[in-house]
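Chain residues, written in single-letter form:
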Amino acid sequence: MTYNKWYELNKDGLKCNPKSQKFSFGDFIENGFENKLVKSFKRGEVYFGKIHKKSKKRPFLIYQNNFLNEACFRGEYNSVLVLPLSGNIVQTDLRVFIPKRDKLTKDSQIVCNALGVIGVEKLIFDEKITTLTPQELKEVSKKIKNILNV
């Protein structure tokens, strides 16, 4: 399916944005309403993000499908389904190990039980940290299915 066909089927759902997808008044006071450049990004890529101005930047895995990612790039959608990465390695069935590579400076784990939605403006697109292998992405999906009991 092409993006244009997908968009025609789903454009009404994209217009029905929850208020959390828009800038909040607090964001306006902190940062103003700047029109931030969003670059094209893909499912399985890892970028830094900052949830709040005072929080540290941390890596996030882009988990939503590439049609939604394209809608973000085109300015037609504002939210991104992400999973945070943690450098705190623990033994658990809720995480997927990712070894240090590319611009990921230390061994990390994808925290699969922390699936969440953030505004696309919270991601920092200066550079991609890494991209998951197909096997790693498959393992993440398997953990998410177990967590959601589907």
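Nothing here was measured: the structure is a model prediction, and the numbers come from that model.

Colleague: Please explain the side chain of Lys143 as it appears in this structure.
Modeller: Note on placement: Lys143 falls in helix H4 (residues 134-148). Of the residues examined, Lys143 reaches a relative accessible area of 14% and is grouped as buried. Excluding residues that lie within four positions of it along the chain, Lys143 makes contacts with Asp93, Arg95, Val96 and Cys112.

Colleague: It is not clear to me how a nonpolar patch on the surface should be interpreted in this structure. Could you clarify?
Modeller: On the surface, a cluster of nonpolar side chains totalling about 430 Å² of accessible area is made up of Leu94, Leu115, Ile147, Leu148 and Val150. Along the chain, the position of Leu148 falls in helix H4.

Colleague: Looking at this structure, I do not really get helix H3 (residues 66-73). What am I missing?
Modeller: Side chains that are three or four residues apart share a direction in an α-helix, a result of its 3.6 residues per turn. Among the residues of H3, those classed as buried are Leu68, Asn69, Glu70, Ala71 and Cys72. Between a side-chain oxygen at the N-terminus of H3 and the backbone nitrogen of Phe67 the separation is 2.9 Å; the capping residue is Asn65.

Colleague: Mind showing me how you'd approach the side chain of Gln109 here?
Modeller: Along the chain, Gln109 turns up in strand E5 (residues 108-111). Since its relative accessible area comes to 6%, Gln109 is described here as buried. Of note is the side chain of Gln109, whose polar atom sits 2.9 Å from the backbone oxygen of Val90. Within polar-contact distance, the side chain of Gln109 engages the side chain of Arg95 at 3.1 Å. With residues up to four places along the chain from it excluded, the contact list for Gln109 reads Pro84, Leu85, Ser86, Asn88, Ile89, Val90, Arg95, Val96 and Phe97.

Reading guide: rules and limits
- Residues numbered from 1 in each chain as written.
- Predicted model: local features only at pLDDT ≥ 70, side-chain atom pairs only at ≥ 80, totals over all residues.
- Heavy atoms only, no water.
- Helix = DSSP H or I, 4+ residues; strand = E, 2+ residues; numbered from the N terminus.
- Buried < 20%, exposed > 50% of the residue type's maximum accessible area, 1.4 Å probe, protein only.
- Contact = heavy atoms within 4.5 Å.
- Patch = residues over 30% accessible without salt bridge, like charges linked within 9 Å, V, L, I, M, F, W, Y side chains within 5 Å.
- Areas by Shrake-Rupley, 256 points an atom, 1.4 Å probe, with all protein chains shown as cover.
- Salt bridge = Lys/Arg side-chain N within 4 Å of Asp/Glu carboxyl O.
- Polar contact = N/O pair within 3.5 Å; in protein donor to acceptor, adjacent residues only side chain to side chain.

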